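Read off the chains here:
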Amino acid sequence: MAYKVGRCLLRKKLKDVGMTQLQLANRLGVSEQQINKYVNNRQKMSLQVAKNIAVILNCHIDDLYEWIEVGA
């Protein structure tokens, strides 16, 4: 079974924990515009960024994206 990355779920995760994009950006040491690119699916997160965001939001990396099953 294989998967491909679907849409980013970061907007929902931020809302769930009551954090703004700016607050996350400050915690990560990146610009708010960079977080906005992830939220609006204009750029995929690197594995390192995804791991750091998952730690900050207390979730799993898998929770940051929709995963679409492809093939068998």
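Here the structure is a predicted model, which means the values were calculated and not measured.

Even after reading the chapter, I still don't get the packing of helix α2 (residues 21-28) against helix α3 (residues 32-39), so can you show me in this structure?
A pair of packed helices is characterised by two quantities: the angle between their axes and the separation of those axes. Interhelical geometry of α2 versus α3 gives an angle of 115° and a closest axis separation of 8 Å. Like other packed secondary-structure pairs, α2 and α3 cross with a definite hand, here right-handed. Residue-level contacts link Gln21, Leu22, Leu24, Ala25 and Leu28 of α2 to Glu32, Ile35, Asn36 and Val39 of α3. Within the contact of α2 with α3, the residues separate by chemical class into six nonpolar, two polar and one charged.

Sorry if this is basic, but what is going on with the pattern of salt bridges here?
Close approach of charged atoms allows side chains of opposite charge to pair. Taken as a whole and judged by the stated rule, the model has two salt bridges. Residue Arg7 is joined to Glu66 by a salt bridge in which the shortest nitrogen-to-oxygen separation is 3.4 Å. Taken together, the positions of Arg7 in strand β1 (residues 2-8) and Glu66 in strand β2 (residues 65-70) put the pair 59 residues apart, joining distant regions of the chain. Exposure remark for Arg7: the relative accessible area of 47% places this residue in the partly exposed category. Note that Asp16 is salt-bridged to Lys12, the shortest N-O span being 3.0 Å. In this pair, Asp16 and Lys12 both sit in helix α1 (residues 10-17), four residues apart, roughly one turn of the helix. In this structure Asp16 comes out as partly exposed when scored by relative accessible area, which is 48%.

Where do I start with α2 in this structure?
Spacing of three or four residues puts side chains on the same side of an α-helix, whose turn is 3.6 residues. Those residues of α2 that sit buried are Gln21, Leu24 and Ala25. Down the axis of α2, the buried set is contained in an arc of 100°. They therefore lie on one face. Turned more than 90 degrees away from the buried face of α2, the exposed residues are Asn26 and Arg27. Residues of α2 that are buried make contact with α1, α3 and α4 (47-57).

Criteria and thresholds
Residues numbered from 1 in each chain as written. Predicted model: local features only at pLDDT ≥ 70, side-chain atom pairs only at ≥ 80, totals over all residues. Heavy atoms only, no water. Axes fitted to C-alpha atoms, helices over the stretch in contact; angles between N-to-C directions. Helix = DSSP H or I, 4+ residues; strand = E, 2+ residues; numbered from the N terminus. Left-handed = near helix turned anticlockwise from the far one by under 90°. Contact = heavy atoms within 4.5 Å. Nonpolar A, V, L, I, M, F, W, Y, C, P; charged D, E, K, R; others polar. Salt bridge = Lys/Arg side-chain N within 4 Å of Asp/Glu carboxyl O. Buried < 20%, exposed > 50% of the residue type's maximum accessible area, 1.4 Å probe, protein only. Arc of directions from axis to C-beta.

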